[in-house]
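Residue-level structural notes
Okay, here's what each chain looks like letter by letter:
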Amino acid sequence: MSDEHKDLPPEEPREPYTPASPIKRTWAWVAIVYVLLCTVLFTYYLATARVLIGLGPLMVCPALAGLAVTAVLRYRSGQSRGGVLACLSLIGICVVLLLINLYVGIPSLLRNFGG
């Protein structure tokens, strides 16, 4: 029985598991949203043979949300430059642009369906 264990190669030392940073996880979720959007758009195209037009403003929204969350996370971890004023101004710009893109993009999306 001890001969069986002698044939096994010695175990290599492994590095301890370190989870991804919150910023990396944020952008991973943004990527998941983009994959789902592209999947839905392509599936709609295959099902109807029509391309939805005017979706540019809606396609920017996940990135703007990810940028705002990244600004908050960088400020909370102490990695931001410019302090709280720069963080709040970047978040404000992202929120305003997000709302403008939703205001322009949703009616454009609905026009594709006759609404």
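The shown structure was predicted, so the numbers you read here are calculated from the model rather than taken from an experiment. (Residues numbered from 1 in each chain as written. Predicted model: local features only at pLDDT ≥ 70, side-chain atom pairs only at ≥ 80, totals over all residues. Heavy atoms only, no water.)

**Concerning the overall build of the chain**
Assigned secondary structure in the chain consists of 4 helices and 0 strands. In the chain, the order of α-helices and β-strands from amino to carboxyl end is α-α-α-α. What you see for the chain is a C-alpha radius of gyration of 23 Å, clearly larger than the 13 Å of a compact globule of 115 residues, by over 25%. With respect to the principal axes defined by its C-alpha atoms, the chain has extents near 75 × 50 × 15 Å. For the chain, buried positions account for 18% of its 115 residues. (Helix = DSSP H or I, 4+ residues; strand = E, 2+ residues; numbered from the N terminus. Rg over C-alpha atoms; globule rule 2.2 N^0.38 Å. Buried < 20%, exposed > 50% of the residue type's maximum accessible area, 1.4 Å probe, protein only.)

**Observations concerning the UniProt feature "transmembrane region" (unreviewed entry) in the chain**
The feature "transmembrane region" (unreviewed entry), as given by UniProt, occupies residues 27-46, 52-73 and 85-106 in the numbering adopted here. Secondary structure over residues 27-46 splits into 100% helix and 0% strand, and the C-alpha atoms at its two ends are 28 Å apart. Segment residues 85-106 splits into 100% helix and 0% strand. End C-alpha atoms: 31 Å apart. (UniProt positions renumbered as here; feature names shortened; annotations may be inferred.)

**Observations concerning the layout of surface pockets**
Considered as a void within the structure, the largest pocket measures approximately 160 Å³ in volume. Sorting the residues of the lining of the largest pocket by element identifies α2 (22-48) and α3 (56-77) as the ones contributing at least two each. When residues of the lining of the largest pocket are assigned to their parent elements, the largest contribution, 4 residues, is made by α2. Residues of the lining of the largest pocket, tallied by class, amount to 10 nonpolar, no polar and no charged. (1 Å grid on protein atoms, 1.4 Å probe; cavity = no way out; pocket = protein on both sides within 12 Å on 5 of 7 lines; lining within 4 Å. Points joined across faces, edges and corners; volume = space filled by probe spheres on them. Nonpolar A, V, L, I, M, F, W, Y, C, P; charged D, E, K, R; others polar.)

**Looking at the packing of aromatic side chains**
Counting across every chain of the model gives 2 aromatic pairs. Relative to Y45, the ring of F42 has its centre 6.2 Å away and its plane inclined at 40 degrees; by these criteria the two rings are tilted. Of this pair, F42 and Y45 both sit in helix α2, 3 residues apart, which is roughly one turn of the helix. With a relative accessible area of 38%, Y45 lands in the partly exposed category. (Phe/Tyr/Trp six-rings, centres within 6.5 Å; stacked < 30°, edge-to-face > 60°.)

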